[in-house]
Structure formats: structure tokens, C-alpha cells
Protein chains: 2
Amino acid sequence: MSPRTQQQLDKIRKERKQAIMDTALETFAEHGYESTSISMIARKTDISKGLMYNYFEGKEDLLTSIMTEGIEEMFSMADPNRDGVLTKEEFEYLIDGMFELMRVKSNFYKLYFSLMMQPSVSKLFMAKMNQVIEPFLKLFVDYYTKKGAKNPMVEAVLVGALFDGIGFNYVFNPDVYPLDEVIKLVKERFV
Amino acid sequence: MSPRTQQQLDKIRKERKQAIMDTALETFAEHGYESTSISMIARKTDISKGLMYNYFEGKEDLLTSIMTEGIEEMFSMADPNRDGVLTKEEFEYLIDGMFELMRVKSNFYKLYFSLMMQPSVSKLFMAKMNQVIEPFLKLFVDYYTKKGAKNPMVEAVLVGALFDGIGFNYVFNPDVYPLDEVIKLVKERFV
DNA sequence: TACTTTTGACCGACCGTTCAGTCATAAATA
DNA sequence: TATTTATGACTGAACGGTCGGTCAAAAGTA
């Protein structure tokens with residue numbers, strides 16, 4: 001119908017949408033999903049409350065969009081999709097990438113951790129998250145199998161727990177947490 | 001003098017209060033603090049909404065009471081207050097106690113983890129929690145110092161993260177998580 | 001003009017909280 | 001024993017406020 005400006009419109013819409021998602025992620029991470037109101041996000045984004053509903057179907061849709069984007073970004077940035085086996089160096093590289101992601105996208109991780117705590121909400125993302133985690137776990141299992149571990153699966157699960165724990169501690173105390181030294185120790189112990 | 005004996009009154013109050021706290025902990029753990037309404041707790045406890053305010057000053061006081069009780073229980077059950085040094089056996093015993101506590105008081109841990117995620121709420125318990133955690137951390141540091149570790153502090157921090165991570169994973173997936181095997185591996189690796 | 005974006009007043013539902021009043025109980029009285 | 005009385009656990013309607021969400025109309029753009 002409109003001859004040409006569709007591209008411009010799309011661009012504006014895309015940017016606005018991203019702006020809303022950015023402030024929403026920030027606010028969700030700081031106050032938690034439930035405690036954050038639509039009005040609060042609208043105010044911070046300098047738009048009206050009503051406009052929120054032009055871009056998202058509702059609060060839950062907004063959350064889902066944010067999480068989906070974050071998960072996909074996580075997947076693409078740390079895609080372990082090589083030949084399927086992990087060398088020593090690749091494992092170390094993977095660890096670095098993982099924690100670098102936590103450093104850069106700490107708000108996403110905050111939100112992720114807090115959502116996982118609420119079974120009623122988490123079901124929505126559990127499946128999607130597992131799709132991301134599973135290939136990593138598989139890689140780890142293969143790695144420890146090749147390394148001759150007694151119980152590679154448990155070894156992999158332990159490493160997973162370690163990542164969660166470190167991330168959990170770092171993300172909520174980034175200023176005082178000795179992340180670099182911890183990472184170094186993880187490599188010494190588990191690679 | 002009085003229509004009811006003081007003992008009777010005390011007993012009634014104590015039991016009711018505990019009943020409220022029990023259902024509240026359960027509900028907070030399941031739905032999260034913010035998403036749980038006073039009405040919901042009252043309904044589950046089979047009392048009126050108003051009575052809640054006879055026993056607690058408000059929602060936050062209810063939460064604080066639950067957390068305080070849990071933290072104290074945690075402290076008393078896993079009190080590391082021996083001679084200040086940890087032998088190999090004592091360390092293993094401590095680990096067992098820690099995860100046994102997670103098994104038994106999983107709802108408390110769920111709530112604890114979820115509260116730590118919301119800075120606005122967590123400030124209240126951070127201080128108290130640190131009082132519990134600090135002596136453990138100190139014990140660990142001493143242990144690894146005696147063991148001749150290069151950087152005992154980081155070693156202790158890593159163990160702390162590991163406990164958090166395992167707890168986090170177990171508490172939200174108790175049915176499938178291979179806790180026993182993981183504990184065994186933790187002992188092999190870190191004791 | 002024809003179309004989309006944007007606004008903010010508005011809605012019903014539910015929130016945490018309050019409070020005037022009810023009611024079961026057991027001590028005191030007769 | 002029968003009746004009165006004092007007590008505080010307990011109720012539920014109501015309050016001010018905020019929530020997520022709606023919508024008619026204004027503003028902006030071609």
C-alpha cells in the first residue's frame with residue numbers, strides 16, 4: 001500500500017522495539033519480573049504506556065521476546081558447533097567465552113537466574129534453555145570420556161554446576177568477585 | 001482472671017504462627033515472594049486474611065520471620081564451631097551436612113536463591129547470610145592454606161560457588177539430579 | 001486525504017492493609 | 001451447678017492504591 005517508506009517504518013519500529021526491550025531487560029534484572037510494572041518501563045523508555053501494547057502483546061510477550069533474543073544470542077556467540085570434539089585449547093576458549101558472555105550480558109543472566117527460580121514462569125524457557133545447554137553437556141561428556149574419567153556424565157554435571165555457581169556469584173557481586181582468578185583455577189582443575 | 005490460660009494462649013499462638021509460616025514458605029518457594037499474595041497464604045492456611053495481621057506486621061515481616069528462622073536453623077545444624085581447624089574427615093562431614101540440609105529444607109533454599117536475585121529485597125538478608133557464610137569461608141581458607149594451596153582464598157571461593165551451583169541445580173530438579181554421585185566427586189576433587 | 005504512530009484517560013481486578021465487631025472459652029460468681 | 005463476665009483469637013467487608021490492559025482521539029507523515 002505505502003509505496004516505499006515501508007523500509008523506514010520497519011526500521012523505526014525495529015529500533016523502538018529494541019529500545020523497549022533494552023530498558024525492560026535492565027529493569028527486570030534490577031527489580032525482578034513481577035515487581036517491574038509496564039508503566040515503569042514505559043516511563044524509562046520515554047514512551048506512553050499504551051504504545052507498549054503496539055509493540056508487544058503484553059508483559060509476558062515482552063519477557064518472552066527478551067529471553068528468546070538473549071538465548072539465541074547466547075547460542076550464536078558460544079556455539080560449540082565444531083567437529084564435535086573438544087581439544088584442551090578449545091575447552092579453555094569455551095570457558096573464556098562463557099564468562100565473557102556473563103560479563104557483557106550480566107543483566108540477561110540476572111534475569112535468567114531469577115526466572116529459573118519460579119517454576120510457574122520458568123517452564124516457558126526451560127525447554128529452550130535446555131536446547132542450548134544440552135550440546136555443551138554432550139561436549140563435556142565426550143571430553144571427559146576421552147580423558148578417561150570414571151564417570152564422565154557426573155564430571156560434566158559438576159562443571160555445569162560450577163559454571164552456574166560462579167555465574168550466580170559473579171553476576172550479583174561483580175565488583176568484588178575475583179572472577180579472573182576463579183576462571184584460572186577452574187581451568188587448572190577441570191580442563 | 002483470664003478466659004484462657006496463658007499457656008493455652010501461648011500454645012495456640014505458637015502453633016498458628018508456625019502453621020502460617022509453613023504454608024507461606026511453601027507458597028513463596030513455589031510462586032516467588034512477589035507473586036504470592038497474602039490472600040493466597042491465608043486461604044491455604046484456612047484462616048482469614050485479617051488474622052494474618054494479628055500474627056505478622058505485614059508481608060515483609062512474614063518473609064523476614066521465615067528467613068530468620070531458616071538461617072538460624074541452618075547455622076545451628078551445620079555449625080562448624082569446633083577447634084577452628086578442619087580435618088579431612090570433618091570437611092567431608094561438613095559437605096554431607098550441607099547437602100543434607102538442602103535436601104530437607106529445599107523450600108528454604110529455593111526461597112533463599114530467589115531472594116538473592118532481587119537486590120531490592122536481598123539487602124535485608126545479605127548481612128545475616130554473610131554472618132553464616134563467613135565462618136565457613138574462613139574454615140575453607142584455613143583448610144586450603146594448611147594443604148599448601150597456591151591461592152587458598154580463591155580455592156575457598158571456588159568451593160563456595162560449587163556449593164551454590166549444585167544446590168541451585170538440585171533444588172530445582174531434585175528428581176533427576178545425581179546428587180549423591182556429584183557429592184562423591186566433589187569430595188574426591190576438593191577435600 | 002489516508003494511513004500509522006502515539007497518547008493518556010480509563011477500566012476492572014486485585015493488591016496489602018485496617019478495623020469494628022463476633023464468638024468460643026474458662027475463670028469468677030452465685 | 002448454672003450464670004455471668006472478661007479475654008483475645010478470629011472474621012470479612014472495606015480502603016486507597018497499583019496493576020496489566022483497552023481505546024477513542026490527537027499528532028505525525030506520506
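What counts as what
- Residues numbered from 1 in each chain as written.
- Chains lettered and ligands numbered in written order.
- Predicted model: local features only at pLDDT ≥ 70, side-chain atom pairs only at ≥ 80, totals over all residues.
- Heavy atoms only, no water.
- Core = buried A, V, L, I, M, F, W, Y, C linked by side-chain atoms within 4.5 Å.
- Buried < 20%, exposed > 50% of the residue type's maximum accessible area, 1.4 Å probe, protein only.
- Contact = heavy atoms within 4.5 Å.
- Least-squares fit on C-alpha atoms with pLDDT ≥ 70 in both.
- 1 Å grid on protein atoms, 1.4 Å probe; cavity = no way out; pocket = protein on both sides within 12 Å on 5 of 7 lines; lining within 4 Å.
- Points joined across faces, edges and corners; volume = space filled by probe spheres on them.
- Helix = DSSP H or I, 4+ residues; strand = E, 2+ residues; numbered from the N terminus.
- Nonpolar A, V, L, I, M, F, W, Y, C, P; charged D, E, K, R; others polar.
- Domains from an automatic or database assignment.
- Buried area = accessible area lost by both parts, 1.4 Å probe.
- Salt bridge = Lys/Arg side-chain N within 4 Å of Asp/Glu carboxyl O.

**Student:** Sorry, what's going on with the nonpolar core here?
**Tutor:** Among soluble globular proteins, nonpolar side chains are generally buried collectively. Formed by 131 residues in total, the largest nonpolar core has its most connected members in Leu 62 and Ile 166 of chain A together with Leu 62 and Ile 166 of chain B. In contact with Ile 166 of chain A, other than residues within four places in its own chain, are Phe 99, Tyr 177, Leu 179, Val 182 and Val 186 of chain A together with Leu 158 and Ala 161 of chain B.

**Student:** Looking at this structure, I do not really get the relation of the copies chain B and chain A. What am I missing?
**Tutor:** Superposing the two chain copies requires a rotation about an axis and a translation along that axis. For the pair chain B and chain A, the best superposition has an RMSD of 0.2 Å and corresponds to a rotation of 179 degrees with a translation of 0.0 Å parallel to the axis. Taken together, these values place the two copies in the relation of a two-fold axis. Closest to the rotation axis within chain B is the C-alpha of Gly 165 of chain B, separated from it by 1.9 Å. Counting the interface residues of chain B, we find that 100% of their copies in chain A are interface residues as well, pointing to one common contact surface.

**Student:** Looking at this structure, I do not really get the layout of surface pockets. What am I missing?
**Tutor:** Taking a probe equal in size to a water molecule and rolling it over the atoms shows the remaining empty space. Volume-wise, the largest pocket comes out at about 1000 Å³. Every residue lining the largest pocket is counted, 32 residues in all, and those nearest its centre are Asn 130, Ile 133 and Asp 164 of chain A together with Asn 169 and Asn 173 of chain B. Contributions of two or more residues to the lining of the largest pocket are made by α5 (88–104), α6 (106–116), α7 (119–146) and α8 (152–171) of chain A together with α8 (152–171) of chain B. If one sorts the elements of the lining of the largest pocket by residue count, α7 of chain A sits on top with 12 residues. Looking at side-chain class alone, the lining of the largest pocket contains 23 nonpolar, 5 polar and 4 charged residues. The space that makes up the second largest pocket amounts to roughly 860 Å³. Lining the second largest pocket we find 32 residues, and of these Asn 169 of chain A together with Tyr 112, Asn 130, Ile 133 and Asp 164 of chain B sit closest to its centre. For the lining of the second largest pocket, the leading source of residues is helix α7 (residues 119–146) of chain B, giving 9 residues.

**Student:** Whenever I open this one, the domain arrangement of chain A confuses me. Can you help?
**Tutor:** How big an interface is tends to be stated in terms of accessible area lost as the parts join. All names here are of chain A. Split into domains, chain A comes out as domain 1 (1–56) and domain 2 (64–190). A separation of 29 Å is found between the C-alpha centroids of domain 1 and domain 2. Between domain 1 and domain 2, the contact holds 10 residues from the first and 10 residues from the second. Taken as a group, Met 21, Leu 25 and Ala 29 account for 53% of the area that domain 1 buries against domain 2, more than any other trio of residues on that side. Taken together, the residues that form the side of domain 1 that touches domain 2 break down as 7 nonpolar, 1 polar and 2 charged.

**Student:** Would you mind showing me how to read empty space enclosed by the protein here?
**Tutor:** With the rule as written, the count across this model stands at 2 cavities of 30 Å³ or more. Here the largest cavity is characterised by a volume of approximately 130 Å³. Around the largest cavity sit 14 residues that line it, and Glu 34, Ser 114 and Gln 118 of chain A together with Ser 114 and Gln 118 of chain B are the ones nearest its centre. Sorting the residues of the lining of the largest cavity by element identifies α6 of chain A together with α6 (106–116) of chain B as the ones contributing at least two each. Broken down by class, the residue content of the lining of the largest cavity amounts to 6 nonpolar, 6 polar and 2 charged. If you add up the space inside the second largest cavity, you get close to 40 Å³. Broken down by secondary-structure element, the contributors of at least two residues to the lining of the second largest cavity are α3 (49–55) and α4 (59–77) of chain A. A per-class count over the lining of the second largest cavity returns 5 nonpolar, 1 polar and 2 charged.

**Student:** How should I be thinking about the pattern of salt bridges in this particular structure?
**Tutor:** Close approach of charged atoms lets side chains of opposite charge pair. Under the defined criterion, the tally for this structure stands at 16 salt bridges over all chains. Ionic pairing is found between Arg 103 of chain B and Asp 180 of chain B, a salt bridge with its closest N-O pair at 3.2 Å. Placement of the pair is Arg 103 of chain B in helix α5 (residues 88–104) and Asp 180 of chain B in helix α9 (residues 179–190), with a sequence separation of 77 residues. Residues joined by salt bridges that share partners form a network here, namely Glu 100, Arg 103 and Asp 180 of chain A.

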